[in-house]
Amino acid sequence: MSFCNSNGADRCPGNISGNPMNGLCEKVCVQVRKVFDACISQNTLETLAVTLTDLAPASPAEPLTFVSGTSTSSRGTITALTVTPLADRPGMSRVLATVSIPVRINYTDANGVEGSGTGTVSLTEDIVMCVPTGSVFPVELAATVNMASPNGVYVSGSTFSITACTTVVMKVLADVDLLLPSYGYCKIPPCTEFSQEVCQGVFDLPLFPR
């Protein structure tokens, strides 16, 4: 869907007199995922208990020795979400939610065999965000997450106590149609093929001594 504002045959004349606005061709309606608000929370969680499932290989010999821990996805799961508008701050709301981060813990067992298992690190976010209301198409909240664990200790069974360095980016999103100025279609350059020519150095030499 587009709305042309040029009557000339050439709708995209390019940059004229050094003014980038002269290169505008038309108004275009694009469907995008708009971010109405976003904020980041970073925390260090000590002695956090993580119980693993899907151990690979199965039935490791105890005790286990912690090696490392990382998140397995950048998408967090939001549960127990409540959004409460703040009467004294128009347009703002209290956002209370549990954000779960999928993680993998790497370890070695009593026989020195390397293994890993998956688990979940859950955080409580109690924050203030701009959450628009009163529209046909409602907004939604999403969490982009990361977790890294530099150290941990084995507890028992498949449970570890770890130090978790967590990052959570909360976003208020909605699919919307936006009207934007356009410079026309993008020009896609040809790809540069990768080559590793072993004789390139020889071919670059002059034919005769200088």
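Going by the structure above, here's the rest.
Keep in mind the model is a prediction, meaning the values are calculated, not measured. (Residues numbered from 1 in each chain as written. Predicted model: local features only at pLDDT ≥ 70, side-chain atom pairs only at ≥ 80, totals over all residues. Heavy atoms only, no water.)

**Quick notes on the overall build of the chain**
Heads up, the condition is: The numbering of helices and of strands both runs from the N terminus, where a helix is a DSSP run of H or I of at least 4 residues and a strand a run of E of at least 2. Working definition: with a 1.4 Å probe on protein chains only, accessible area under 20% of the residue-type maximum means buried, over 50% means exposed, and in between means partly exposed. In this analysis, two residues are considered to be in contact whenever any of their non-hydrogen atoms come within 4.5 Å of each other.
Helix and strand counts for the chain stand at one helix and nine strands. Counting helices and strands in the order they occur from the N terminus, the chain gives β-β-β-β-β-β-β-β-β-α. The proportion of buried residues among the 210 residues of the chain is 27%. Nonlocal contacts in the chain, meaning residues at least 24 apart in sequence, comprise 74% of its contacts between residues at least 6 apart.

**What about unusual backbone geometry?**
With an omega of 0°, the peptide bond between Ala56 and Pro57 qualifies as cis. Among the structural elements, Pro57 can be located in the loop between β3 (53-56) and β4 (65-71). Glu62 connects to Pro63 through a cis peptide bond whose omega is 0°. Residue position: Pro63 is located in the loop between β3 and β4. Its identity is not glycine, yet Ser59 carries a phi of approximately 55°, on the positive side. Mapped onto the elements of the fold, Ser59 is located in the loop between β3 and β4.

**Structural notes on the pattern of salt bridges**
Threshold: What counts as a salt bridge is simple: a side-chain nitrogen of Lys or Arg found within 4 Å of a carboxyl oxygen of Asp or Glu.
Inspection of the entire model under this criterion finds three salt bridges. For Arg33, the salt bridge is made with Asp175, and the minimal N-O distance between the two is 3.0 Å. With Arg33 in strand β2 (residues 26-51) and Asp175 in strand β9 (residues 159-182), the pair connects residues that are 142 residues apart, well separated along the chain. Owing to a relative accessible area of 41%, Arg33 belongs among the partly exposed residues under this scheme. Here the residues in one salt-bridge network are Arg33, Glu140 and Asp175, joined through shared partners.

**Topic: the packing of aromatic side chains**
We count it as follows: When two rings of Phe, Tyr or Trp (its six-membered ring) have centres within 6.5 Å they constitute a pair, described as stacked for plane angles under 30 degrees, edge-to-face for angles over 60, and tilted for the intermediate range.
Inspection of every chain in the model, using the stated rule, returns three aromatic pairs. An aromatic cluster is defined as three or more aromatic residues linked by ring pairs; in this entry it consists of Phe66, Tyr107, Tyr154 and Phe160.

**Points about the side chain of Thr163**
This is how it is decided: Polar contacts, as counted here, are pairs of nitrogen or oxygen atoms within 3.5 Å of one another; within protein the pair requires one atom able to donate a hydrogen and one able to accept it, and residues that are adjacent in sequence qualify only if both atoms are side-chain atoms.
Positionally, Thr163 belongs in strand β9. Within the structure, Thr163 has its side chain in polar contact with the side chain of Glu46 (distance 3.1 Å). Leave out the neighbours within four places in its chain, and Thr163 touches Thr44, Leu45, Glu46, Ala148, Ser149, Pro150 and Asn151.

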